[in-house]
Amino acid sequence: MTRCFSFIAAQNSWYRCSFKRAGLKSSTTDLGDGTIMHCWIPKKHDPSKPTLLLIHGFGANAMWQFNGVIPHFTPKFNVYVPDLLFFGESYTTRAERSESFQAQCVMSLMEAQNVTRMDVFGLSYGGFVAYSMAAQFRERVGRVGLGCAGVCLEEKDAESMEVLKVTTVEEVVSVLLPQTPEKARELVRWSFYKRPPRMPSWFLWDFIEVS
């Protein structure tokens, strides 16, 4: 159904303006082999500041998850905020799908930006990518922060967590990448401690179609 106005597209535009006001600019890097990485980078890299790499989790793109914190970090850090592959404007035609491959692509992106040393924060799925970066490139990654990322969970831990009890990969995908308002509400129920009071279907369809 064609809409005259998209709230999600408007919000994306507002976030772009917000990132630009915070001193960042949009950049796209071709890594070769059909892999394109989009990243928000400093308008001017200040060598006197440390570099902070923020890696998002599942969602529309990096802007939706980090917009609120960017202004707090840019005065003290050179902030880089990539879209992971298959989110936002980043994609690949290669068959790899692991967090290890994501980590390699993010590091290749940082190399293309001439960044040799960085601190990393990863949120949710981005925490797994951050952990993999630290394991693979320990000489280039300094401090690592992980938010809501169960990288240390063991099988015995999963047995006591209702949220992890699923029967198939398809069931996980249907929730993490919802294609209907009902599945989007289910994702919110699992992931929000304080859930939004109301999520009309037209809003959720808009989010699904745009992102």
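Rules and cut-offs
Residues numbered from 1 in each chain as written. Predicted model: local features only at pLDDT ≥ 70, side-chain atom pairs only at ≥ 80, totals over all residues. Heavy atoms only, no water. Helix = DSSP H or I, 4+ residues; strand = E, 2+ residues; numbered from the N terminus. Polar contact = N/O pair within 3.5 Å; in protein donor to acceptor, adjacent residues only side chain to side chain. Contact = heavy atoms within 4.5 Å. Buried < 20%, exposed > 50% of the residue type's maximum accessible area, 1.4 Å probe, protein only. UniProt positions renumbered as here; feature names shortened; annotations may be inferred. Axes fitted to C-alpha atoms, helices over the stretch in contact; angles between N-to-C directions. Parallel < 35°, antiparallel > 145°, perpendicular 65-115°, else oblique. Nonpolar A, V, L, I, M, F, W, Y, C, P; charged D, E, K, R; others polar. Pairing = 2+ DSSP bridges.

## So, the side chain of Thr92
Okay, so step 1: For Thr92, the position within the fold is in strand β5 (residues 91–92).
Okay, so step 2: Of note is the side chain of Thr92, whose polar atom sits 2.6 Å from the side chain of Thr35.
Okay, so step 3: Only 3.1 Å separates the side chain of Thr92 from the backbone nitrogen of Arg94, close enough to count as a polar contact.
Okay, so step 4: Apart from residues no more than four positions distant in its own chain, Thr92 is found in contact with Asp33, Gly34, Thr35, Leu85, Phe86, Arg97 and Phe101.

## Some thoughts on the side chain of Thr35
Okay, so step 1: Note on placement: Thr35 falls in strand β2 (residues 35–42).
Okay, so step 2: Taking relative accessible area as the criterion, Thr35 reaches 1% and is therefore assigned buried.
Okay, so step 3: Discounting residues that sit within four places of it in the chain, Thr35 has contacts with Thr29, Asp30, Leu85, Tyr91, Thr92, Arg94, Phe101 and Cys105.

## What to know about the UniProt feature "domain: AB hydrolase-1" (unreviewed entry) in the protein
Okay, so step 1: Annotation from UniProt places "domain: AB hydrolase-1" (unreviewed entry) at residues 50–149.
Okay, so step 2: A distance of 24 Å separates the end C-alpha atoms of residues 50–149, which is 35% helix and 25% strand.

## Focus: the packing of helix α8 (residues 181–191) against helix α9 (residues 201–210)
Two numbers describe a pair of packed helices, the interaxial angle and the distance between the axes.
Okay, so step 1: Following both chains from N to C, one finds α8 and α9 inclined at 90°, their axes separated by 9 Å at the closest point. Viewed along their axes, α8 and α9 adopt a mutual orientation that is roughly perpendicular. Taken together, the residues of α9 that come into contact with α8 (itself represented by Pro181, Ala184 and Arg185) are Ser201, Leu204, Trp205 and Ile208.
Okay, so step 2: In terms of residue class, the contact of α8 with α9 is made up of five nonpolar, one polar and one charged.

## Regarding the pairing of strand β3 (residues 51–55)
Okay, so step 1: Burial runs high along β3: five of the five residues are buried.
Okay, so step 2: Here β3 shows two buried faces, one formed by Thr51, Leu53 and Ile55 and the other by Leu52 and Leu54.
Okay, so step 3: Looking at chain direction, β3 and strand β4 (residues 78–82) are connected through three bridges and run parallel. For Leu53, the partnering residue across the bridge sits in β4 and is Tyr80.
Okay, so step 4: Pairing of β3 with strand β6 (residues 118–123), which is carried by four bridges, proceeds in the parallel orientation. What sits directly across from Leu53, in β6, is Val120.

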